[in-house]
Amino acid sequence: MADNRKAELTALLEKQRAAFTAARPEPLDVRRDRIERAMALLKEHGEELCRAMSADFGNRSPHQSMITDIAGTVGFGRYCLKHLGQWSKSEKRKVQFPLGLLGAKAELRYEPKGVIGILAPWNFPVNLSFGPLMQVFAAGNRAMIKPSEFTERTSELMAELVAKRFDEAECAVVNGGPEVAHAFSELPFDHLVFTGSTATGRKVMEAAAKNLVPVTLELGGKSPVFLGKNADLKKAGERIALGKMMNAGQICLAPDYLYVPEEDEEGAVAAVQLGVHEMYPKLLDNEDYASVVSDRHFDRLKGLVSDAREKGAEVIEVNPGEEDFGSSNARKMPLTILRNVTDDMAAMQEEIFGPVLPVKTYKAIDEAIEYVNAHDRPLGLYYFGEDSGEREKVLTKTISGGVTVNDVVFHVSMEDLPFGGVGPSGMGSYHGIEGFREFSHARSVYTQPKIDIAKLGGFKPPYGAATAKAIKGMMK
Ligand code: NAD
């Protein structure tokens, strides 16, 4: 990458940091105003942004985009506006006896970190840029955003709109390919939030480590669905179909594979198929169903299916309108269910991130628990069933970023619940008060009383009887 691009990014960061430093302390109303401007931008240009997303994908329902990227993000901004006063309050902490009696005080202040970098992926390009931004602002920071190069029109439009509403010292969008993204991840930010794949997340953390930049990594993984014994198959099938078909499965939290009781396999597969049929009578000629974002991604997904077929999987294409996908260049792919999958299949090794759904079976639920525990800790985990003992067994014996019970994906839409992964599916989280704290520095402030505490406590040389007494007291 041209050195001057890196120099430009560095200059922008320095400009933001200088403005941040000069403006401190900023009243909370400045934060509120930034959030309100971000919300106004989304409200006024929501439809335009949805058109850009659809053009970038090939097709993506404007209704879906309004829900997932625009309205959901505006709602999250409103949630931040409502809570930021409470979140920002400093907390009184205890001091050890008898320091309190002597007038010592301890408090914890949540202070802004400074300039935060936001690196976003293509699958929800507006939500995953503006969502973190709302909390970055709530915590009093400035932001530089680098959206994905795969959604070029949307990224350009976001850059244009942000430049109109924000001084570049408050918030700026920078665009470019992987080289710009890499240079971005090398900047000495005060914090960096990355949303994307686990593989790129590793590179981002390595780059950030050079400057000891703290990171929030929102990554992916293979989120399993546990169908409990006696789960309501019809309900589960509908809900799994909704979560898997939305955005054509290109969701970090999409159910990656199903684990079903052996005796329910037929019924579960039929229920998912029925769910798809009910929501999508047709797929090719249906604006509600998204295209796969790029040729490369499309070929990768088709490769997962052919690899599974070659290795012995049964392949069920769910094609409700019996359309001819072969003759289309719309990059639309029907839901493809894989049965009899084995661990040597690529579909069971990498995050699917598209409309392919492997199904595994178990005799006892412990097998499914063991399988999940033997693999990377997933971002999401789903349990369907009404047996509370079984549910608790699944929840208490596994680890995942988050959980939805009796549905998939939905926990991310709870504004008050922190959202994040664990280990290979991510670190740190945002949403809820945890997001505000993630982008704040918790600064401890201790105030010493007038009296000479060091002398009183025996910490002051020359050491003697008071010291011995203090040590004895502490060792009790
Ligand atoms: P990606 O990792 O390819 O790209 C994400 C971002 O990283 C892009 O902006 C890209 O420009 C940038 N990037 C690319 N190479 C880079 C490098 N060497 N250094 C620094 N940055 C670089 O991910 P993607 O394909 O855009 O998105 C799909 C992945 O994101 C899936 O794995 C999905 O699970 C994950 N995801 C996670 C969440 C979450 O909240 N946990 C949400 C959405 C997507």
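Quick caveat: nothing in here was measured; it's all calculated off a predicted structure. (Residues numbered from 1 in each chain as written. Predicted model: local features only at pLDDT ≥ 70, side-chain atom pairs only at ≥ 80, totals over all residues. Heavy atoms only, no water.)

1. Overview of the site of the ligand
Among the 28 residues in the neighbourhood of the ligand, the closest are listed as Ala-120, Glu-149, Ser-197, Leu-219 and Glu-351. One of the side-chain nitrogen or oxygen atoms of Ser-197 is found 2.8 Å away from an oxygen atom of the ligand. Interatomic distance of 3.4 Å between a backbone N/O atom of Glu-218 and a nitrogen atom of the ligand. Protein contacts shield 90% of the accessible area of the ligand, which totals 850 Å² for the unbound molecule. Residue assignment for the shell around the ligand shows that the elements contributing at least two residues are helix H6 (178-185), strand E6 (191-195) and helix H7 (198-210). Looking at side-chain class alone, the shell around the ligand contains 14 nonpolar, 9 polar and 5 charged residues. Each of domain 1 (2-219 + 427-441) and domain 2 (224-420) gives at least three residues to the shell around the ligand. (Near = heavy atom within 4 Å. Polar contact = N/O pair within 3.5 Å; in protein donor to acceptor, adjacent residues only side chain to side chain. Areas by Shrake-Rupley, 256 points an atom, 1.4 Å probe, with all protein chains shown as cover. Helix = DSSP H or I, 4+ residues; strand = E, 2+ residues; numbered from the N terminus. Nonpolar A, V, L, I, M, F, W, Y, C, P; charged D, E, K, R; others polar. Domains from an automatic or database assignment.)

2. Thoughts on a negative patch on the surface
A contiguous patch of negative charge on the surface is contributed by Glu-48, Glu-152, Glu-156 and Glu-160. Considering the arrangement of structural elements, one finds Glu-48 in helix H2 (residues 28-57). (Patch = residues over 30% accessible without salt bridge, like charges linked within 9 Å, V, L, I, M, F, W, Y side chains within 5 Å. Salt bridge = Lys/Arg side-chain N within 4 Å of Asp/Glu carboxyl O. Lys, Arg positive; Asp, Glu negative; His and termini not counted. Charge placed at Lys NZ, Arg CZ, Asp CG, Glu CD.)

3. A word on the side chain of Ser-65
Here Ser-65 shows up in helix H3 (residues 62-88). Those residues within four positions of Ser-65 in sequence are excluded, and the remaining contacts are Cys-50, Met-53, Arg-60 and Ile-70. (Contact = heavy atoms within 4.5 Å.)

4. Quick look at the domain arrangement of the protein chain
Each assigned domain of the protein chain is listed with its residue range as follows: domain 1 (2-219 + 427-441) and domain 2 (224-420). Spacing between the C-alpha centres of domain 1 and domain 2 amounts to 31 Å. Taken together, the contact pairs 24 residues of domain 1 with 28 residues of domain 2. Note on domain 1 versus domain 2: buried area summed over both sides is about 2,100 Å², and carbon and sulfur give 55% of it. Here domain 1 is connected to domain 2 by 0 salt bridges. The interface formed by domain 1 and domain 2 contains 12 residue pairs in polar contact (both at pLDDT 80 or more). Listed by contribution, the elements that provide at least two residues to the side of domain 1 that touches domain 2 are H2, H3 and helix H13 (432-438). Considering each element in turn, the side of domain 1 that touches domain 2 owes the most residues, 6 residues, to H3. (Buried area = accessible area lost by both parts, 1.4 Å probe.)

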